[in-house]
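One letter stands for each residue in the lines below.
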Amino acid sequence: MAEKKWILILSLTFIIAVSQVHHLYMGELTSIMLEKLQQWRKPFNNGGKNLAIGPNLTACHSSYGRPDLLVYCCPPGFQNPVPFTDFKFPDPSPVRVRRPAHLLNESFIAKYNKALSIMKSLPYDDPRSFHRQANLHCQFCTGAYEMLNSSGSELNIHRTWMFFPWHRMMIYFHERILGSLIGDDTFALPFWAWDIPDGMTIPDFYVDKSSPFFHSQRDFSHFPPRVADLDYSPDDNDPRFDRKEQTETNLAFMYNRMVSGAKKTELFMGCTYKAGDKNCDSPGTIESAPHNTLHTWIGSGLNPGREDMGKFYSAAKDPVFYAHHSNIDRLWEVWRDINDRKLDIDDSDWLNSFFLFYDENLNLVKIKVKDVLDITKLGYSYEEVDRPWLNHRPPPSVPPEQARRITNLKQNENPVFSSDFRRVLDGKLTVTVNRSVKREKVDEEETVVVYGIVVRGNEYVKFDVYVNLSDDTKMNPKFREFAGTFAYIPGGGRGGPNLKKMKLKLGISELLKDLKADEDESIWVTLVLRTTSCGNVSIEGIKIEYIK
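Residues numbered from 1 in each chain as written. Predicted model: local features only at pLDDT ≥ 70, side-chain atom pairs only at ≥ 80, totals over all residues. Heavy atoms only, no water.

A. Looking closely at the packing of helix 4 (residues 130–141) against helix 5 (residues 163–181). Interhelical geometry of helix 4 versus helix 5 gives an angle of 175° and a closest axis separation of 12 Å. Here helix 4 lies roughly antiparallel to helix 5, going by the angle between them. Mapping the contact onto sequence places Phe130, Gln133, Leu136, His137, Phe140 and Cys141 in helix 4 and Trp166, His167, Met170, His174 and Ile177 in helix 5. (Axes fitted to C-alpha atoms, helices over the stretch in contact; angles between N-to-C directions. Helix = DSSP H or I, 4+ residues; strand = E, 2+ residues; numbered from the N terminus. Parallel < 35°, antiparallel > 145°, perpendicular 65-115°, else oblique. Contact = heavy atoms within 4.5 Å.)

Rendered as structure tokens:
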């Protein structure tokens with residue numbers, strides 16, 4: 001079979017060469033042959049598999065916005081194919097500079113106000129309208145579309161390595177549409193800088209009831225001066241900390257999400273997701289929290305799923321969604337900068353995965369992941385702000401020697417081992433996890449893996465993970481024992497409640513070193529349920545893995 005393909009390739013190459021020599025009106029034929037040659041060579045070179053992700057825009061269905069709510073957000077006339085153009089980089093100037101929302105002046109806010117008002121006034125059949133823009137998130141984040149090259153497989157970009165690039169694409173086109181509506185090619189979306197102390201409250205202009213930025217489906221108790229809780233659970237009805245302590249906790253939490261817990265690509269970006277893949281369901285650090293936690297923090301507690309921001313099908317109806325995701329996008333750039341771009345993905349299937357969006361000129365544009373990896377080429381940048389969380393490496397809550405004595409005593413009293421214990425998480429669970437498998441290389445990252453996670457019901461579920469916790473009164477991201485969190489927003493899919501088995505991976509190499517436990521044969525892992533939805537989450541076990 002391989003020999004036949006090579007013969008075919010050589011034959012086509014010869015024909016094309018002859019046609020180019022004679023110039024006998026062969027331009028169109030040459031183009032066709034080159035296209036076929038490219039299509040045939042690629043599967044031959046990679047084993048016949050093209051596993052890049054892409055949506056089938058003519059295969060859109062109703063989907064579940066919540067496990068108990070079927071929604072329909074497909075665009076009008078989707079059944080008929082629409083011609084598209086390939087993405088082209090914009091003119092290099094002017095550069096659109098995204099600024100922190102809390103530092104915007106009245107002139108910019110007025111300009112943004114005008115652009116958003118026009119967008120909201122556009123009819124629904126215009127894909128630039130705010131309603132249609134909001135529905136993009138519903139379509140791609142609840143499984144409404146099928147994959148183009150994997151018939152029957154629904155496409156969902158959350159809890160995978162598509163999370164960052166897809167949202168970058170969405171807000172890129174949204175930003176340019178807003179600018180075009182007011183004839184301003186310098187217009188740039190603001191970012192809500194909730195990772196720095198001065199930006200940790202909802203920016204004031206979003207809570208102005210007389211402006212198009214206001215949204216009624218929010219938790220009004222979280223309006224300024226309330227500081228955002230980046231590790232939020234809706235069962236924390238009252239603030240857990242005062243303003244100063246909440247700020248300090250947020251900074252320590254960001255250190256975990258951006259630095260100590262994100263030392264490998266998979267830990268930050270999420271799991272590898274390719275065409276037909278039904279096993280990838282493991283979010284990166286930022287997506288799980290503060291992304292999910294802030295969606296939930298903003299959404300209204302009067303609605304079943306804390307809509308609108310609290311559910312993916314409705315989240316983009318709230319104008320603050322775009323400032324939230326602009327900051328998510330900025331943090332992707334910051335993480336890449338911290339790691340000198342050494343952890344960037346070079347997988348061809350990821351790079352060639354694509355999506356389609358309408359641009360400011362009403363053209364449907366096919367844009368690939370590889371097109372959005374250089375924001376300079378995309379024509380925008382971020383105003384530099386401080387990164388105070390870089391200096392908030394948390395200390396142990398108890399001196400390591402003292403903690404060791406306490407944990408050894410408790411372990412001897414009631415030892416529990418982690419292999420396939422399968423149980424419902426209905427409170428606090430502590431297990432002893434064997435570290436008999438040692439790392440092979442110095443640069444390997446040790447991870448705690450909570451596997452076989454299944455969530456049932458409609459409730460938001462959150463649990464935190466601690467290592468060698470000895471003082472239950474200090475269960476807080478401000479302390480080194482905090483390893484990370486699982487924050488899950490239920491919904492999505494066409495088959496009703498999603499009972500897929502999920503996985504949580506948390507990097508702990510730096511944590512173990514700080515706790516002086518990096519040479520221990522086992523560690524003590526504690527899961528603490530932060531939501532009261534007892535019986536809604538079960539897990540199969542906890543283990544240690546290493547990432548190269």
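After that view of the structure, there is still more to cover.
B. Spatial organisation of the pairing of strand 17 (residues 522–529). For strand 17, a buried count of seven out of eight residues is recorded, marking the element as mostly surrounded by other parts of the structure. The pairing of strand 12 (residues 428–434) with strand 17 spans seven bridges and is antiparallel. What sits directly across from Thr430, in strand 17, is Thr526. In the sheet, strand 14 (residues 461–467) pairs with strand 17 via five bridges, with the strands oriented antiparallel. (Buried < 20%, exposed > 50% of the residue type's maximum accessible area, 1.4 Å probe, protein only. Pairing = 2+ DSSP bridges.)

C. Highlighting the pairing of strand 15 (residues 482–488). Counting buried positions along strand 15 yields seven of seven residues, so the element is predominantly enclosed. With six bridges joining them, strand 14 and strand 15 adopt antiparallel strand pairing. Bridge pairing links Asp464 to Thr485 in strand 15.

D. Region of the structure containing the state of the cysteines. Counted by the stated rule, this structure contains three disulfides. The disulfide partner of Cys73 is Cys138, and the gap between their sulfur atoms is 2.2 Å. On the sign convention where negative is left-handed, the bridge of Cys73 and Cys138, at about -80° about the S-S bond, is left-handed. With Cys73 in the loop between strand 3 (69–71) and strand 4 (85–86) and Cys138 in helix 4, this residue pair connects regions lying 65 residues apart in the sequence. Residues Cys73 and Cys138 agree in their burial class; the two are buried. If you count the bonded cysteines of the protein from the N-terminus, they pair up as 1-3, 2-4, 5-6. (Disulfide = S-S within 2.5 Å.)

E. A look at the pattern of salt bridges. As enumerated under the stated definition, the model contains 40 salt bridges in all. In this structure, Asp68 engages Arg66 in a salt bridge whose closest nitrogen and oxygen atoms are separated by 2.9 Å. Arg66 sits in the buried class, given a relative accessible area of 10%. Residue Glu510 is joined to Arg393 by a salt bridge in which the shortest nitrogen-to-oxygen separation is 3.4 Å. In this pair, Glu510 sits in helix 13 (residues 509–514) while Arg393 sits in the loop between strand 10 (380–382) and helix 12 (400–413), placing the two residues 117 residues apart along the sequence. (Salt bridge = Lys/Arg side-chain N within 4 Å of Asp/Glu carboxyl O.)

F. Representation of the sheet that holds strand 9 (residues 364–368) in the model. Spatial strand order, 4-9-8: three strands in an open sheet with mixed pairing. In this open sheet, the two strands that pair with only one neighbour each are strand 4 and strand 8 (354–358). Pairing of strand 4 with strand 9, which is carried by two bridges, proceeds in the parallel orientation. Bridging from a neighbouring strand, Asp86 pairs with Lys366 of strand 9. Helix 5 rests against strand 8 and strand 9 of the sheet, and its axis sits at about 15° to strand 8.

G. The UniProt feature "domain: Tyrosinase copper-binding" (unreviewed entry) in the protein, seen in detail. Per the UniProt annotation, the sites labelled "domain: Tyrosinase copper-binding" (unreviewed entry) are residues 318–329. For residues 318–329, the end-to-end C-alpha separation is 18 Å, with 83% helix and 0% strand making up the annotated structure. (UniProt positions renumbered as here; feature names shortened; annotations may be inferred.)

H. Quick peek at the packing of aromatic side chains. Tallied over the full model, the rule gives 33 aromatic pairs. Here Phe140 and Phe355 contribute two aromatic rings whose centre-to-centre distance is 5.7 Å and whose plane-to-plane angle is 85°, an arrangement assigned as edge-to-face. Of this pair, Phe140 sits in helix 4 while Phe355 is found in strand 8, placing the two residues 215 residues apart along the sequence. Clustering of aromatic rings is evident, with ring pairs tying together Phe87, Phe89, Phe140, Tyr145, Trp166, Tyr172, Phe173, Phe355 and Phe357. (Phe/Tyr/Trp six-rings, centres within 6.5 Å; stacked < 30°, edge-to-face > 60°.)

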